[in-house]
Amino acid sequence: MQKKVCFALKLFMVWAVFNVMFYAVQGDFWGYGQLFIRVGLELIIFTLLIFNYQYFPRDLLSRMIMIWIVYSSVVTAYHSDYVAKDLSESLWWPLMYILFFLVGRYPKLLKTFIHKYVPVLIVLSFVMFFFTSRTKDGELTATNFIFYISLLMSFLFFYKGKKMLILFALCAFVSMLSFKRSAFLILLCMGVLFVYYNYIKTKNSNGILKAIAGVLVALAFIGAFTYLDRSNGGFFSERIKSVSDDEGSGRVGIYEIVMWNYSKLDSSEKLFGIGFNGVMDRQWVAFSAENVVSAHNDFLEMLCDFGIIGSVLYLIIIICMLRNVVRSRHISKSFFRANVACTLIFFVMSAVSQLFLYPTYFAYIVAIWAITQSILSYERKIKDIGSYSML
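Summary of the structure given here. Since this is a predicted model, take the numbers as computed values, not measurements.

Our next topic: the side chain of Ser72. Along the chain, the position of Ser72 falls in helix 3 (residues 60–79). In contact with Ser72, not counting residues within four places along its chain, are Leu91 and Phe306.

Attention now moves to the packing of helix 15 (residues 298–327) against helix 16 (residues 333–352). Two numbers describe how helix 15 lies on helix 16: the axes approach to 12 Å, and their chain directions differ by 165 degrees. Taken together, the axes of helix 15 and helix 16 lie roughly antiparallel to each other. As helix 15 runs across helix 16, the sense of the crossing is left-handed. Along its contact with helix 15, which presents Asp298, Phe299, Tyr314, Ile318, Met321, Leu322 and Val325, the element helix 16 presents Phe336, Asn339, Val340, Thr343, Phe346, Phe347 and Ser350. When its residues are assigned to classes, the contact of helix 15 with helix 16 shows 10 nonpolar, 3 polar and 1 charged.

This part takes up a nonpolar patch on the surface. A surface patch of nonpolar side chains, about 310 Å² in accessible area, is lined by Leu271, Phe272, Ile308 and Val312. Broken down by secondary-structure element, the contributors of at least two residues to the nonpolar patch are helix 13 (267–272) and helix 15. Tracing the sequence through the fold places Val312 in helix 15.

This paragraph deals with the packing of helix 6 (residues 107–132) against helix 8 (residues 161–177). One way to put it is that helix 6 packs onto helix 8 with a least axis distance of 10 Å and a crossing angle of 30 degrees. Here helix 6 is positioned roughly parallel relative to helix 8, judged by the angle of their axes. Helix 6 and helix 8 meet at a crossing whose hand is left-handed. Mapping the contact onto sequence places His115, Pro119, Ile122, Val123, Phe126, Phe129 and Phe130 in helix 6 and Lys163, Leu167, Leu170, Cys171, Phe173, Val174 and Leu177 in helix 8. Of the residues assigned to the contact of helix 6 with helix 8, the class counts are 12 nonpolar, 1 polar and 1 charged.

Reading the values: the criteria
- Residues numbered from 1 in each chain as written.
- Predicted model: local features only at pLDDT ≥ 70, side-chain atom pairs only at ≥ 80, totals over all residues.
- Heavy atoms only, no water.
- Helix = DSSP H or I, 4+ residues; strand = E, 2+ residues; numbered from the N terminus.
- Contact = heavy atoms within 4.5 Å.
- Axes fitted to C-alpha atoms, helices over the stretch in contact; angles between N-to-C directions.
- Parallel < 35°, antiparallel > 145°, perpendicular 65-115°, else oblique.
- Left-handed = near helix turned anticlockwise from the far one by under 90°.
- Nonpolar A, V, L, I, M, F, W, Y, C, P; charged D, E, K, R; others polar.
- Patch = residues over 30% accessible without salt bridge, like charges linked within 9 Å, V, L, I, M, F, W, Y side chains within 5 Å.
- Areas by Shrake-Rupley, 256 points an atom, 1.4 Å probe, with all protein chains shown as cover.
- Salt bridge = Lys/Arg side-chain N within 4 Å of Asp/Glu carboxyl O.

Any link to function would need more than the numbers given here.
Here it is as structure tokens:
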């Protein structure tokens, strides 16, 4: 069993590296390549699930994930014109939950993923950011590629010392260069946690030294932001100041349009939804023929795509996740901190962007959910989580 899970995890890493390496070129090669790897991995996970169902406990979160797989598959298949593609994307995050639930049962395999694979992804994403965020003239421009890095930042709280500091600095640097306000908001949340856990809550220094260290880190962050802002003609500060003027890049207007269209649906579609990525498929928000956007809010998109029933299921999953944040204290401090960071990132991204529509993003959030649930379930059986203290 462990060898099969290890193989599936390596295939996940192939998929993750492929996404990062070829994001800049995209096109058919990137699209079909990552789709081919994703479908292959999904088939492997389905096989693991079918033949190893006894490994999954009957906790509420795991049950809701299983119910979600069935429910979302039926709704997506019923509405979709591209069933295979849409099923692959809509099922990606619950299947990643299953994969990392299994990974969480093997401490050594989990340690390899957290302490070897994730740092490689962060460094690789840092390098590739400078290839994906430039215009033809060589100028930096806003790019969604930054979210690969933003969504990996919760893993930073598994690390200590220089390793954490270096990786955090890399993530902070490109987040400030990304021109994405949501990425900057995530960085701000992670920065507060970073200072609090490493320079305020730590027991390794007295109160005065803690305060001095925290202030120095904050000043370094403000100084770096100010320098980068001035070197780009005040672009960063203008982006932040314009939030109220442009209503979050037009998000308020998008929400109004989406809610108006939802109100016009018949009762069955309000209850069951209009299918995965239905807001874009039905072109509810079309600024032009080439510029059709989603709801830009996970909870609103969920209501439209999977209806009231899907929204209730999704809400139960989130509640279970929030409960596990508190329970993760029983595993280790690093797990608790990573879960807190993961929760903040989840709500920031869900409120102003999308997660479940983009499998390349959501997988990193779901990984921590699943690993945490797996260890907590395993703990109830063996009454010993000492083997996870190394994390």
